[in-house]
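Structural features, examined
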Amino acid sequence: MRLTYDVVVVGGGHAGSEAAAAAARLGARTVLITPDLTRIAQMSCNPAIGGVAKGTVAREVGALGGVMAQATDASRIHFRMLNRSKGPAVWGPRAQCDRALYPIGVRRLLDGLEDLDLFQEMVTGLHVDERVRGVETRGGIVFEGGAVVVTAGTFLRGRIHVGGSTAQGAGRAGEGPSIELARALEARGLEVSRFKTGTPPRIDGRSVDLSRCERQDGDDEPFRFSSYAREPIPKQLPCWITWSGAGLREIVTRNLQRSALYGGEIGGRGPRYCPSIEDKVVRFPEARRHQVFLEPEGLDTTEMYVNGLSTSLPPEVQLEFLRSVPGLEEAKMTKPGYAIEYDYFPPYQLHHTLEVRALPGLYFAGQVNGTTGYEEAAGQGLVAGANAALAVQGRPPFVVERDQGYIGVLIDDLVTKGVDEPYRLFTSRAEFRLLLRQDNAPSRLGTLARSVGLLTSEQEVALEDRLREEARAQVWFRERVISPAVARAALEEADGGSVRQSKSARELLRRPGVSAAALLEAVGDDAPAFEADALATVEIDAKYEGYIRREVDRAAKLRAQAEFSIPEDAPYADFKTLSKEARQKLARVRPGNLAQAGRIPGVSPADLQNLVMEVRREKSASPEQHSRRCST
């Protein structure tokens, strides 16, 4: 049996959902194939979206028309804006979601796309002629397409470990691994390596003594991840904080060799920034305690996620160390934690479109590229799905640059720098983070999405409304003149000094502590109403105007470097003016321009200067000389 589509997406996680939705929104006939349609967009680990940098990515996915932001709003049961005490460049919206409601929200949005079909099967191989043309399934069905996007998550030769002596093949708990597809990809000559990740145990919240824990309520502000939809937001639930102590450390230390990680069962490297409790005890022996968050799994369940105690120790040890934590002395464990080891493909093998260099027509997105997190997966999936559809349609590729979005930072880091541990986004990875704020995601990326065709007609209307509202607010604050008498109340409340002559609202807004809301309140009934999102962007733009201008200038210089292109087949081995390390790393990454070459570790400024000279010399060489060089 053969079925024909434009784009075939393998895997139904966060990357696969966004890839399929993006391709379908672009008008490509798309099929998403996954082993279990009831587990599309499953939140396998913590049912949470966002955080520092990650929250901005979720907003960027929404601004590009993706499903993550809207599904998060429809399922969020606890919201906080992280880093509020710091500058707006590092603010991070984070939502704890209802584990059951989130995938329902994603599935509803996918089912609403006319050009998308869903199919339940296990993909076992690729259909290839001169390029990748489709996939083969365990049931013997061939799905032919112009492009294939693989978003297999942790399923490729996935292996779950619970304790040092208990391991089984699985993509995640309760689902089998993808062995045949892993072998088929490796047989095509791609470099493969192994990473590991893990989850903590879950507990019955009714067995927790909450009087011994610190209550953490969510923020009351009417924040939304989605720029284009107004989903009804469920009621909020509190989270709770407690701490592990000496008792837990002693239990873990005593049982360390029973851990799959320290007992020698796991060879793959795990995420540095989300370590297991075994890692914490070994790597930070001087730490007296470690913070533990008890987070609700949903509105209709008493189950709690024990954030901070990821582990691969045996279940009986997990229960023992849980009961050493204040408030959990009588805890009932509902699911043990586990570690999972899986294949990934070092991402230097990709173009910035996420197409595999050696296999045209094949795209990778998500954890198969060595990343962690739902948000990083969603961002990659959207870019991969969009480029797969655009390639089939014969249209130019879609690339988010580093100064346009954290998605651009993520993909450029993967392709240019590679990974030696599971990659996680941080604001420190972005050199233009004041430009890449969570509040301005729609104005940064919405127009780009619209120009490509990634937005539905309803989303385009919502984008226009948002841009119009922001422009209206910018004009009002720039043109509205406020007298000293009117301004006095707002300035005194913020300790913003005094004013002796009338000034524009924007000038007053630049003063430390003076908020847009306070100025509007001081003006009184004569002040117009503005949406909170647009008002936040106007306020930040005014207060950080000088810094933003400098980042814009630096971004322009980076783009000037990007205009100096480097041929895909540049003979780096012949560029003797470059250091040996630079030649090796340039030949491995194959940068497309000078800006990308400059971000490769080991390529010095002197190497870049010499690279320009060598490329120009190569481009000016006669065809005969070029052919002779390539043949040798």
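Scroll up a little and you will see the structure.
Residues numbered from 1 in each chain as written. Predicted model: local features only at pLDDT ≥ 70, side-chain atom pairs only at ≥ 80, totals over all residues. Heavy atoms only, no water.

Some words on the overall build of the chain
Counting secondary structure elements, the chain contains 21 helices and 24 strands. Taking 2.2 N^0.38 as the reference for a compact globule, 632 residues should give roughly 26 Å; the C-alpha atoms of the chain span a radius of gyration of 26 Å, in line with that estimate. With the principal axes as the frame, the chain shows a C-alpha extent of 80 × 75 × 50 Å. Evaluated residue by residue, the chain yields a buried proportion of 57% over its 632 residues. For the chain, long-range pairs separated by at least 24 residues make up 73% of all intrachain contacts whose partners lie at least 6 apart in sequence. (Helix = DSSP H or I, 4+ residues; strand = E, 2+ residues; numbered from the N terminus. Rg over C-alpha atoms; globule rule 2.2 N^0.38 Å. Buried < 20%, exposed > 50% of the residue type's maximum accessible area, 1.4 Å probe, protein only. Contact = heavy atoms within 4.5 Å.)

Considering the side chain of Asp204
Among the secondary structure elements, Asp204 is positioned in strand β15 (residues 202-204). Polar contacts involving the side chain of Asp204 include one to the side chain of Thr302, which spans 3.0 Å. Those residues in contact with Asp204 that lie beyond four places of it in its chain are Thr302, Lys332 and Thr334. (Polar contact = N/O pair within 3.5 Å; in protein donor to acceptor, adjacent residues only side chain to side chain.)

Focus on the pattern of salt bridges
Two side chains bearing opposite charge may form a pair once their charged atoms approach each other closely. For the coordinates displayed, the defined rule picks out 48 salt bridges. One salt bridge connects Glu250 with Arg254, and the closest N-O pair in it is separated by 2.8 Å. Of this pair, Glu250 and Arg254 both sit in helix α6 (residues 246-254), four residues apart, roughly one helical turn. You can call Glu250 partly exposed: its relative accessible area is 43%. According to the relative accessible area criterion, Arg254 is partly exposed, its value standing at 47%. Where Glu469 meets Arg472, a salt bridge forms, and the shortest distance between an N and an O atom there is 3.1 Å. Pair noted here: Glu469 and Arg472 are both in helix α12 (residues 457-479), with a separation of three residues, about one helical turn. With a relative accessible area of 12%, Glu469 lands in the buried category. Taken together, the shared-partner salt bridges in this structure form one network comprising Arg402, Asp412, Asp413, Lys417, Glu431 and Arg599. (Salt bridge = Lys/Arg side-chain N within 4 Å of Asp/Glu carboxyl O.)

Overview of the sheet that holds strand β3 (residues 30-34)
Overall, parallel pairing links the five strands, which are arranged β7-β3-β2-β11-β22 in an open sheet. Here the strands that pair on one side only, and so sit at the sheet edges, are β7 (116-120) and β22 (362-364). Strand-to-strand twist in this sheet, taken as the mean axis angle between neighbours without regard to direction, amounts to 20°. Where β3 and β7 come together, five bridges link them in parallel fashion. Bridging across to β7, Thr30 finds its partner in Leu116. (Pairing = 2+ DSSP bridges. Axes fitted to C-alpha atoms, helices over the stretch in contact; angles between N-to-C directions.)

Things to note about the packing of aromatic side chains
Inspection of every chain in the model, using the stated rule, returns twelve aromatic pairs. On the basis of an interplanar angle of 70° and a centroid distance of 5.1 Å, the ring pair of Phe119 and Phe143 is categorised as edge-to-face. Highlighted residues: Phe119 in strand β7 and Phe143 in strand β10 (residues 142-144), separated in sequence by 24 residues. Of the residues examined, Phe119 reaches a relative accessible area of 26% and is grouped as partly exposed. Phe143 gets classed as buried once you look at its relative accessible area, which sits at 0%. The rings of Tyr5, Phe119 and Phe143 are connected pair by pair, giving a single aromatic cluster. Taking NZ or CZ as reference, Arg429 lies 4.3 Å from the ring centre of Tyr423, over its face. (Phe/Tyr/Trp six-rings, centres within 6.5 Å; stacked < 30°, edge-to-face > 60°. Lys NZ or Arg CZ within 6 Å of the ring centre and 35° of its normal.)

Digging into helix α2 (residues 54-63)
Across the ten residues of α2, ten count as buried, placing the element largely inside the fold. If you check which residues of α2 are buried, you get Lys54, Gly55, Thr56, Val57, Ala58, Arg59, Glu60, Val61, Gly62 and Ala63. Looking one or two residues past α2, Gly65 carries a phi angle of roughly 95°, positive in sign.

Focus: unusual backbone geometry
The backbone phi angle of Ala53 is positive, close to 70°, even though this residue is not glycine. Secondary-structure assignment places Ala53 in the loop between β4 (48-50) and α2. A positive phi angle, close to 50°, is found at Arg157, a residue other than glycine. The topology assignment puts Arg157 in the loop between β11 (147-150) and β12 (159-161).

As for the environment of Glu431
Checked against the element boundaries, Glu431 lands in the loop between α10 (406-417) and α11 (441-452). For Glu431, a relative accessible area of 26% translates into the label partly exposed. Distance in space between the C-alpha atoms of Glu431 and Ser227 is 25 Å, their sequence separation being 204 residues. Not counting residues up to four positions away in its chain, the partners in contact with Glu431 are Arg402, Glu551 and Arg554. Here Arg402 takes part through its side chain, which lies 3.0 Å from a polar atom of the side chain of Glu431.

What to know about the pairing of strand β8 (residues 123-128)
In the sheet, β8 pairs with strand β9 (residues 132-137) via five bridges, with the strands oriented antiparallel. When the sheet's bridge partners are listed, His127 is paired in β9 with Gly134. Two successive antiparallel strands, β8 and β9, enclose a turn made up of three residues.

A look at the sheet that holds β12
Reading across the sheet, the four strands line up as β13-β12-β21-β14 and stay open at both edges, with antiparallel pairing between neighbours. Sheet topology places β13 (167-169) and β14 (193-199) at the edges, where each strand pairs with a single neighbour. The sheet shows a mean angle of 25° between the axes of neighbouring strands, direction not considered.

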